[in-house]
Each structure stands twice: as C-alpha cells, then as structure tokens.
Amino acid sequence: MSMEAGLPADPAQAGPRLSRRTPAARTGIVHLGPGAFFRAFNAVYTHEAMAASGGDWGILAVSLQSPTARDQLMPQGGAYHAVTRGPNGDVPEVIEAITGVLVAPENPAAVVAAMSDPAVRIVSLTITEKGYRHAPATGRLKMDDPDVRHDLAHLDRPVTAVGFIVAALMQRRARGARPFTVQSCDNLPDNGRLARGVVLEFATAIDPDLAAWIAAEGRFPSAMVDRITPATTTEDLDRLARQTGLADAAAVFCEPFRQWVVEDDFVDGARPAWDRAGVQMVRDVTAHEAMKLRCLNGTHSTLAYLGYLAGFETISQTVAAEGYAGMLQRLWREEILPTVPQPEGEDLPGYCAALLARYSNPAIRHRTWQIAMDGSQKLPQRLLATLAERLAVGEPAPGLILAVAAWMRYMGGVDDAGAAIALKDPLAAELKAASDRAATAADRVAAFLAFDAIFPAELAGSPTCAAALTRAYETLQTRGAHACVKEYADA
C-alpha cells in the first residue's frame, strides 16, 4: 500500500524518531515541489556537495499544495533517510540538506519573502510537467489557465510556480538585488528554456521592463535528471524502522543509479559544488536530455500503458513477462536510437542495456499506474516528438504507434480484463468523454488527435499517422496488449 504521510503502524516499536544530527546550513536554495524525487535526487546531491566542499546551500523546501512534506520532515528537523534499494538489499543514508519547509497556500507572502532574500541564489523546481502551466504541444504559457489568471491579477498571493518566481524576482529588482538562477529538474526537453519562456511570458504581462531585466540578468540552465523513485509504502517505512531502529516519516526509496547533467550557467557563477558529488556540469545538455527522455522516459511510458492494460502492477513484473524485453530492445534499436544525437561521453547502446537491467530490478516496485498518470503532459516529449521525426523522414515506427495507441486505450478507462482504470490526468475528463462519444476506433483516434494541446500539427494532420494509430488501436482492442507486444517483439 502506498502512503503520503505518517509513520510505521506502531512507531513505539520502531524506536525514537529520526532527528537532525548537525546544525542546519544557511539557506541558499529554495526548492518548489519537495516530493519523493527531490528528496532522492536534488537534496542528496546538495547534501553530499556540502559535505565535500561546504558552503551555505541549505534548501528551503516549498510545497505548492499540501502540508504533507512539512508534516513529515519538520518534526525531524528536516532530516530523512534516502534508501538505495538494490538486489543485495537496502542502504540508508541520512540527508540533512533541508533547512525548512513552507506550505505555500498557508502563507504565500512568506514564500515570496524567502525567495526574495539575496542569500538565496537558486530556485529549483520539481513540479512535474503540468506545473509549468504550458501547452505541451507548443511550450507556451496557458494564459487562460485559471490559476495563471489568478496570479496575473493577484501577484501578492500567487499560487503557481511561475507566479511565485516572478513575484520574487520583481521584489529583488525593486530592492536592487541580483536575480536568482531558476533550475528546472523536471523531465522536459530543454527544461531551462521552457522555464525561461513561461516566466518571461508571465513577466511581460505584468511589466515588460521586469521581463527585460529577467531576460538579461537571469539564468535558466537546462538539466537532465535520472533516478527511479517509486512511491514510498508503509511496508517500506516499517522495514526501515526495523533496520535502523528509528522511525522516519519522510524516508524515500530509490534505485542505485543516478545521473544529473546540468548546464553550468548560473547567475554570478553561484552554485553548490555539485560536481564534487558526481554531477556532470556541461555547456550544453541537449543531447543528454534527448537520450534520457526518449530512451528512458519514452520506454517507461510504453511499459506503463502496455503493461497496465495487460494486468501488470510494476515495471519489473512487466519486463519479466514474455515479449516486453524484446519489445524494448527492438524499439531502442530500430526506432528511438536513430533519432538521438550522440551525447558527449555516452555509449548509447550501453545506456539502453543498462536501462533494461534497471527496469528488471525486483527491489524497485515502480507501479505502472504511477508512471501512466499525467500522460497528456508527458507524451509530447517522451513519444510524440520521436514519432514525428520518424514519420517526417518516411521511416516506420510501429512500436511508437503501438505505445501511443495504448495510451489512447488506457484513457478510455478500461483495461484488457474489463476492469475500470483510475485515471489521473489534467485532461482525464475531456479525454474520457471524447473516447466515450466515439463509435469506432477511427473516430476515437481522430478525437484524441484533435487535442492540439497534446498532438503537434504534423501528427494531428497526418492521414498516415491516423491510419496507423487506428490499426494499432483496433488490434489492442481485439487481441489485447500482451499479444500485441509479443507480435512486435517477434517481428
């Protein structure tokens, strides 16, 4: 069972609660979105960088929605375990990079004040794709988003990440302070460019001079992030409590592998010594982003939809089933790798082989349902861009077509066994309604392709794409996902 907050079932048996062991560093980073991935990734690297080289880089975490992270972390002084989970067992590490947690809806002015402090040099983000309030097909800020409209009218009490960023930058400029660096850590292509674009669009609507100052003085380095971090369960916490003798409500569990590639472009060069903790600081992260988004995230989503429809709960179970590993190998070899530019220092076939081993790790229970959520926001960069490139040069893409058709079938809300799917997506109601109204597979595909916030014009207007998706959808409907996977793998 997954859990959002709380301690093991009987904390008294677990022993005392984990608490901070060292004095908190001065805050130098404000992070928006303190979920499990941030705790398994950004905070770990920053903790290790400060251990190696010092510096005032403590992280003030800000939840834009719920108090869960605050309630988990602050009774422990911000300390928690990041548990590396491999085939040979769990290895816990106590992380103490977090200096405090604010809950934005409770006091938005306090969040803006914290971000406006000149001691804060970086504002980092793990807000998921939908947190940027952009149209995935275009990258533009959705000015008609109700929360964006609220922030444009009430910047003294923002609710969106972009609203908080612009409000804080406006205060810093008014006081003659330098801007902070905005560091995106979400799975989006050119995530720094995207963050810069939505911030400048919003700032322009507030004050064009402010936008010009941000454009000239601010920095928005792109980054590639990679570490599989499943949702924590009560069983995980019970097991950790038995291992350490400490109750830890905020622990996260993650795979051994991790990779962070960051463009070394920060305001006044101010950043932690992340390179001392293994971060690859580079001039251009574009090729690394493409490698990760297409090879990892694209196939992760493919496994999620085709695995869930077939009745598999986790990625490792899915990969172990007949045909799925072969599907991945063919998809990488024939359809994905031909579209990926060569990243500096990377062995692309070796990277894919390592991915298959990571997916197969039985100690990581990454649920297909968890990966499948928010597909309308994820598909454009994970699958659709690759598909568009293949079709543009007249190359076949049956595996990518099958993956996109599986997403369409998943959004219909029923799996291959006829069981209802608990859809979680910003466009779930609209997509489900479009699916329900359609009388045939062709109608259903056409209805999905009409969502221009998801599908770029070159795919939406392509008869070849529509016909291929219709055939794949019909086959999924009549034969089931598992049979389709085995057929593709064996072809």
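Here is what the cut-offs are and how they apply
Residues numbered from 1 in each chain as written. Predicted model: local features only at pLDDT ≥ 70, side-chain atom pairs only at ≥ 80, totals over all residues. Heavy atoms only, no water. Salt bridge = Lys/Arg side-chain N within 4 Å of Asp/Glu carboxyl O. Helix = DSSP H or I, 4+ residues; strand = E, 2+ residues; numbered from the N terminus. Pairing = 2+ DSSP bridges. Axes fitted to C-alpha atoms, helices over the stretch in contact; angles between N-to-C directions. Core = buried A, V, L, I, M, F, W, Y, C linked by side-chain atoms within 4.5 Å. Buried < 20%, exposed > 50% of the residue type's maximum accessible area, 1.4 Å probe, protein only. Domains from an automatic or database assignment. Contact = heavy atoms within 4.5 Å. Polar contact = N/O pair within 3.5 Å; in protein donor to acceptor, adjacent residues only side chain to side chain. Parallel < 35°, antiparallel > 145°, perpendicular 65-115°, else oblique. Left-handed = near helix turned anticlockwise from the far one by under 90°. Nonpolar A, V, L, I, M, F, W, Y, C, P; charged D, E, K, R; others polar. Buried area = accessible area lost by both parts, 1.4 Å probe.

Within an unreviewed UniProt entry, the label attached to the protein reads Mannitol 2-dehydrogenase, and the organism entered is Tritonibacter horizontis.

**Side note on the pattern of salt bridges**
Enumeration over the complete set of coordinates arrives at 29 salt bridges. For Arg 258, the salt bridge is made with Glu 48, and the minimal N-O distance between the two is 2.6 Å. Of this pair, Arg 258 sits in the loop between β9 (252–254) and β10 (259–263) while Glu 48 sits in helix α3 (residues 42–53), and the two are 210 residues apart along the sequence. Taking the shortest distance from any N to any O, the salt bridge between Asp 374 and Lys 130 comes out at 3.4 Å. A residue pair is termed long-range when its members are at least 10 positions apart, and Asp 374 in the loop between α15 (368–372) and α16 (375–392) and Lys 130 in the loop between β6 (122–125) and α6 (146–153) qualify at 244 residues. Ionic contacts of the salt-bridge type, sharing partners, join the residues Arg 85, Asp 90, Asp 236 and Arg 239 into one network.

**A few points about the sheet that holds β9**
Taking strand neighbours across the sheet as the criterion, the three strands line up as β4-β3-β9 in an open arrangement whose pairing is mixed. This sheet does not close on itself; its edge strands, each paired only once, are β4 (89–95) and β9. The mean inter-strand angle of the sheet, taken between neighbouring strand axes irrespective of direction, is 25 degrees. Sheet topology note: the strand β3 (residues 80–86)/β4 ladder contains seven bridges and is antiparallel. Within the sheet, the bridge partner assigned to Thr 84 lies in β4 and is Val 91.

**A word on the nonpolar core**
Membership of the largest hydrophobic core comes to 75 residues, with the highest contact counts inside it found for Cys 295, Trp 407 and Met 408. Looking at which domains feed residues into this core, each of domain 1 (27–283) and domain 2 (286–490) supplies at least three. Contacts of Met 408, omitting those with residues within four sequence positions, involve Val 445, Phe 448, Leu 449, Phe 455, Leu 469 and Tyr 473. Grouped together as the second largest cluster of nonpolar side chains are 40 residues, Val 111, Leu 141, Ala 161 and Val 182 included.

**Things to note about the sheet that holds strand β1 (residues 27–32)**
Spatially, five strands are ordered β5-β2-β1-β6-β7 in an open sheet, and the strand pairing comes out parallel. The two strands at the open ends of the sheet, each matched to only one other strand, are β5 (98–103) and β7 (181–184). Mean inter-strand twist for the sheet, computed between neighbouring axes without regard to direction, equals 25 degrees. Taken together, the five bridges between β1 and strand β2 (residues 58–63) define a ladder with parallel strand orientation. In the sheet register, His 31 faces β2, and the bridge partner there is Ala 61.

**Side note on the side chain of Thr 232**
Examined against the element boundaries, Thr 232 turns out to sit in the loop between β8 (223–226) and α10 (234–244). Within the structure, Thr 232 has its side chain in polar contact with the backbone oxygen of Ala 251 (distance 3.3 Å).

**Notes on the packing of helix α13 (residues 324–336) against helix α22 (residues 481–490)**
It is the contact of α13 with α22, at a shortest axis distance of 8 Å, that shows an interaxial angle of 50 degrees. Our classification of the angle between α13 and α22 gives oblique. Judged by the sense of rotation from one axis to the other, the crossing of α13 with α22 is left-handed. Counted together, Tyr 324, Gly 326, Met 327, Arg 330, Leu 331 and Glu 335 of α13 and Ala 481, His 482, Val 485, Tyr 488 and Ala 489 of α22 form the full contact between these two elements. Of the residues in the contact of α13 with α22, the class split is seven nonpolar, two polar and two charged.

**Topic: the packing of helix α11 (residues 286–310) against α22**
Think of two packed helices as two axes; the pair is described by the angle between the axes and how far apart they sit. Running from amino to carboxyl end, α11 crosses α22 at an angle of 130 degrees, the nearest separation of the two axes being 7 Å. Of the possible angle classes, the one that applies to α11 and α22 is oblique. Seen from α11, the contacting residues are Leu 306, Leu 309 and Ala 310; seen from α22, they are Ala 481, His 482 and Val 485. Classifying every residue of the contact of α11 with α22 by side-chain character gives five nonpolar, one polar and no charged.

**Description of the pairing of β10**
Burial analysis of β10 places five of its five residues in the buried class, the great majority of the element. In β10, alternate side chains face the same way, and those of Gln 259, Val 261 and Glu 263 on one face and Trp 260 and Val 262 on the other are all buried. Examined bridge by bridge, β8 and β10 share four bridges and lie antiparallel to one another. For Met 224, the partnering residue across the bridge sits in β10 and is Val 261. In the sheet, β10 pairs with strand β11 (residues 280–282) via three bridges, with the strands oriented parallel. Its bridge partner being in β11, Glu 263 is matched across the sheet by Val 282.

**Some remarks on the domain arrangement of the protein**
Taken domain by domain, the protein consists of domain 1 (27–283) and domain 2 (286–490). Computed over C-alpha atoms only, the centres of domain 1 and domain 2 are separated by 28 Å. When the two sides are added together, the surface that domain 1 and domain 2 hide from each other amounts to roughly 2,400 Å², 57% of it contributed by carbon and sulfur. Summed over the three residues of domain 1 that lose the most area to domain 2, namely Lys 130, Pro 136 and Ile 228, the buried surface amounts to 23% of that side. Arg 382 serves as the salt-bridge partner of Glu 129, at 3.9 Å between the closest nitrogen and oxygen.

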